[in-house]
Amino acid sequence: MNVPLLDLRQQYQSIKQEIEPILLKIAESQMLILGEEVSKLEKSLADYCCTKYAIGVSSGTDALLMALMALGVGPDDEVILPTYSFFATAGVVARLFAKPVFVDSDPVTFNINPSLIENKITSKTKAIIPVHLYGQACEMNEILEIANKYNIPVIEDAAQAIGCQYKNGKPVGSMGTMGCYSFYPTKNLGAFGDGGLIVTNDEMLAKKLFQMRNHGMEPKYYHKFVGGNFRLDAIQAAVLNVKFPYLESWHQARRNNAEIYYNEFINSGLADCVGATSFDARNKVLLPKPIYKDTGVYNYHIYNQFIIRVEKRDELRQFLSSQSIGTEIYYPVPFHRQECFAYLGFPDEEFPIANALAETSLALPIYPELTEEQIKYVVQKIAEFINQ
Ligand SMILES: *Cc1c(COP(=O)(O)O)cnc(C)c1O
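Residues numbered from 1 in each chain as written. Predicted model: local features only at pLDDT ≥ 70, side-chain atom pairs only at ≥ 80, totals over all residues. Heavy atoms only, no water.

What follows deals with the sheet that holds strand S6 (residues 178-182). Here we have 4 strands laid out as an open sheet, ordered S1-S7-S6-S5, and mixed in their pairing. Of all strands in the sheet, those bounded by a partner on one side alone are strand S1 (53-57) and strand S5 (155-157). Sheet twist, expressed as the average angle between the axes of neighbouring strands with direction ignored, equals 20°. Here 5 bridges tie S1 to strand S7 (residues 196-200), and the two strands are oriented antiparallel to one another. Counted as the bridge partner of Ala54 is Val199 from S7. Contacts between helix H6 (residues 203-212) and the sheet are confined to S1, S6 and S7, with S1 contributing the most and set at about 20° to the helix. (Pairing = 2+ DSSP bridges. Helix = DSSP H or I, 4+ residues; strand = E, 2+ residues; numbered from the N terminus. Axes fitted to C-alpha atoms, helices over the stretch in contact; angles between N-to-C directions. Contact = heavy atoms within 4.5 Å.)

A word on the pairing of strand S2 (residues 78-82). When you tally the buried positions in S2, you get 5 out of 5 residues, the bulk of the element. Burial of the side chains of S2 extends over both faces: Glu78, Ile80 and Pro82 are buried on one face and Val79 and Leu81 on the other. Relative to strand S3 (residues 99-103), S2 runs parallel, the two being bridged by 5 bridges. The partner of Pro82 across the bridge, within S3, is Val103. Each parallel crossover has a hand, and the one from S2 via helix H4 (residues 88-95) to S3 is right-handed. Two strands pair when backbone bridges link them, and S2 and strand S4 (residues 125-128) are joined in this way by 3 bridges, in the parallel orientation. (Buried < 20%, exposed > 50% of the residue type's maximum accessible area, 1.4 Å probe, protein only. Right-handed = clockwise from strand over helix to strand, strands pointing away.)

Tallying each qualifying case throughout the model produces 3 cavities of 30 Å³ or more. In this structure, the largest cavity encloses a volume near 100 Å³. Among the residues making up the lining of the largest cavity, the classes are represented as 9 nonpolar, 4 polar and 1 charged. What lines the second largest cavity is a set of 13 residues, and nearest its centre among them are Leu6, Leu8, Gln11, Arg254 and Pro368. (1 Å grid on protein atoms, 1.4 Å probe; cavity = no way out; pocket = protein on both sides within 12 Å on 5 of 7 lines; lining within 4 Å. Points joined across faces, edges and corners; volume = space filled by probe spheres on them. Nonpolar A, V, L, I, M, F, W, Y, C, P; charged D, E, K, R; others polar.)

With that settled, the discussion passes to the layout of surface pockets. Volume-wise, the largest pocket comes out at about 500 Å³. Contributing to the lining of the largest pocket are 30 residues, with Gln160, Tyr184, Thr186, Lys187 and Tyr331 lying nearest its centre. At the level of elements, helix H3 (60-70) and H4 are the ones that each hand at least two residues to the lining of the largest pocket. At 3 residues, H3 tops the list of elements feeding residues into the lining of the largest pocket. Each residue belonging to the lining of the largest pocket can be placed in one class, and the counts come to 14 nonpolar, 12 polar and 4 charged. Domain assignment of the residues forming the lining of the largest pocket places at least three in each of domain 1 (8-245) and domain 2 (247-386). (Domains from an automatic or database assignment.)

This part takes up the state of the cysteines. Tallied over the full model, the rule gives 0 disulfides. No disulfide involves Cys164; its nearest neighbouring cysteine sulfur is the one of Cys138, lying 8.8 Å away. (Disulfide = S-S within 2.5 Å.)

Attention now goes to the side chain of His336. Inspection of the secondary structure assignment puts His336 in the loop between helix H9 (313-322) and helix H10 (352-360). With residues up to four places along the chain from it excluded, the contact list for His336 reads Thr83, Phe102, Phe346, Asp348, Phe351, Ala354 and Asn355.

Let us look at the environment of Thr61. Tracing the backbone through its elements, the reader meets Thr61 in helix H3. Through-space distance from the C-alpha of Thr61 to that of Gly196 is 7.7 Å; in sequence the pair is 135 residues apart. Among all residues touching Thr61, those that are not within four sequence positions of it are Ala88, Val92 and Arg95.

A few words now on the domain arrangement of the chain. Domains assigned within the chain are domain 1 (8-245) and domain 2 (247-386). The straight-line distance from the C-alpha centre of domain 1 to that of domain 2 is 25 Å. In this assembly, 51 residues from domain 1 lie in contact with 45 residues from domain 2. Between domain 1 and domain 2 lies a buried interface of about 4200 Å² when both sides are counted; carbon and sulfur atoms form 60% of it. In terms of surface lost to domain 2, no three residues of domain 1 exceed Tyr84, Tyr134 and Asn188, which account for 18% of the buried area on that side. (Buried area = accessible area lost by both parts, 1.4 Å probe.)

The subject of this paragraph is the environment of Cys49. As for its placement among the helices and strands, Cys49 is situated in the loop between helix H2 (36-48) and S1. Each C-alpha atom of the pair Cys49 and Ser174 lies 6.2 Å from the other, and the pair is 125 residues apart in sequence. For Cys49, the contacting residues outside a window of four places in its chain are Pro171, Ser174, Tyr181 and Val199.

So, in structure tokens, the structure goes:
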């Protein structure tokens with residue numbers, strides 16, 4: 001059986017008849033940048049994310065960069081963020097010549113450990129960027145409490161988590177000063193290329209971001225400040241407008257697949273429970289918990305990725321590949337171990353959890369069209385490798 005990590009062609013086949021005429025219409029109109037489709041998308045997503053404003057932009061990376069620019073982050077400033085995330089979260093800080101300040105992860109959720117943030121705050125701290133990794137909300141109450149105490153803006157990196165809700169029912173991206181999303185094709189809501197979005201409830205910031213995406217221009221050829229070309233294409237917005245009504249059903253299918261995985265792993269005897277943080281005879285596979293600190297209240301996890309931890313991760317990955325099962329490592333190298341951040345001089349011992357995650361985490365196929373049979377096959381092959 002063939003189980004790819006992700007197969008976007010299946011999703012396309014299911015909505016092809018709606019997408020094709022719209023692409024043709026845009027081709028005929030030759031209205032290719034911003035425009036009606038972008039405005040329509042911004043309206044739908046501001047509603048969906050429960051924010052007043054949404055600004056369509058060129059990518060999730062640019063969304064984060066713009067959010068920092070809007071706050072005036074620059075040389076000598078510090079920005080606090082998790083060491084375990086996709087590179088963009090730290091890259092945007094360094095591009096503005098500010099200093100990324102890394103924080104270790106929580107072993108249960110893999111998100112930033114909120115109890116380690118306060119110690120990192122200095123008079124230079126200009127923002128905190130929690131990342132809702134894999135589609136699972138960070139512990140926002142604790143993060144916002146610290147941020148409010150020191151009056152530091154929070155930029156939510158919700159690139160992997162559009163539609164995810166924190167345990168209080170609030171959509172991720174709507175709780176901080178600004179929230180950033182990505183429409184990279186592998187995200188739950190993916191475009192036909194690059195795209196991103198920033199949401200905010202702050203009118204001044206929204207106005208600035210709308211101008212910033214077009215070189216800070218207003219009116220035409222008059223520039224109050226330096227922005228960039230951070231515009232979203234009409235074609236990307238049109239594709240996203242077609243896909244958006246299906247998003248919730250795709251989340252549901254991913255959540256259902258995750259349940260099947262949890263049951264299969266527990267029934268196979270590879271895991272004793274969900275949420276264990278250390279390997280032992282009864283937990284040879286660690287299953288991250290979609291719930292935080294045994295509160296009994298669940299985050300609405302949208303499973304952009306389904307991540308397990310295993311000890312012989314690289315060997316398992318190779319074995320699964322030989323059985324036509326696609327997997328990936330998100331991410332093999334935390335920021336403090338990246339060559340480009342060596343100059344920051346963070347000691348490796350400061351990040352034991354992120355280091356362990358980098359060495360043991362493995363993403364399994366979780367996309368909506370996956371069948372129960374395929375999921376059972378994946379778990380069966382993992383059991384075969386571990387029990388051999
Ligand atoms: C995908 C992603 C980004 C960047 O989004 P792009 O649209 O690819 O630029 C930023 N942060 C995280 C956590 C991501 O997963």
